[in-house]
Amino acid sequence: QVQLVESGGGLVQPGGSLTLSCTFSGSISTIYAMGWFRQAPGTQRVLVARITRNDSTMYEDFAKGRFTISRDNAKNTMYLQMNRLKHEDTAVYYCNADYFDTASGDSWGQGTQVTVSS
C-alpha cells in the first residue's frame, strides 16, 4: 500500500504561480509511476501530468509549457510547478501513484484545492 498527502493549494491570481507537493509513504519501492490529476466542479477527473520511475514525463496539452512535474526521491515528494495560471485551471488537484506488489494497484491523495481568481 502507498499513502499520498497533497499540499500547496490555494488562491492565486491569473498569471500567477503555485507549486503543489505530494508526499508519499508506505511501499514506495513498488511505485512505477506517479501523476497529478484534477477535477473541476461538474466535470470528470482528468490527467494533468505523469512521471515514471525513470523520470520520464508526459503532459496533457493544456499543461504543456506551463506546468512541470518532478520528484525528489530523497524527500519522498512529488511536485507540480504551475506557472501562468488561468481561471480554467481552477480545480481540486489529486496526487496518484500506480504500484505493483503482488498485484497492480493505485493510490490517491485527498486532493488540494487550487483557485485562480482575481
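The structure displayed is predicted, hence computed values, not measured ones.

Here Ser 21 is to be found in strand β3 (residues 18–26). If sequence neighbours within four positions are ignored, Ser 21 has contacts with Val 5, Glu 6, Ser 7, Trp 36, Thr 77, Met 78 and Tyr 79.

Glancing now at the environment of Trp 36. Here Trp 36 lies in strand β4 (residues 31–39). The spacing of Trp 36 and Gly 111 is 75 residues in sequence and 9.9 Å in space, taken between C-alpha atoms. Within the structure, Trp 36 has its side chain in polar contact with the backbone oxygen of Tyr 79 (distance 3.3 Å).

Now for the sheet that holds strand β8 (residues 77–82). Strand order in the open sheet made by the four strands is β1-β3-β8-β7, with antiparallel pairing throughout. At either margin of the open sheet sits one strand with a lone partner, and together these are β1 (2–7) and β7 (67–72). Direction aside, the axes of adjacent strands within the sheet are offset by 20° on average. Across six bridges, β3 lies against β8 in antiparallel orientation. Bridge pairing in β8 places Thr 19 opposite Gln 81.

About the cut-offs
Residues numbered from 1 in each chain as written. Predicted model: local features only at pLDDT ≥ 70, side-chain atom pairs only at ≥ 80, totals over all residues. Heavy atoms only, no water. Helix = DSSP H or I, 4+ residues; strand = E, 2+ residues; numbered from the N terminus. Contact = heavy atoms within 4.5 Å. Polar contact = N/O pair within 3.5 Å; in protein donor to acceptor, adjacent residues only side chain to side chain. Pairing = 2+ DSSP bridges. Axes fitted to C-alpha atoms, helices over the stretch in contact; angles between N-to-C directions.

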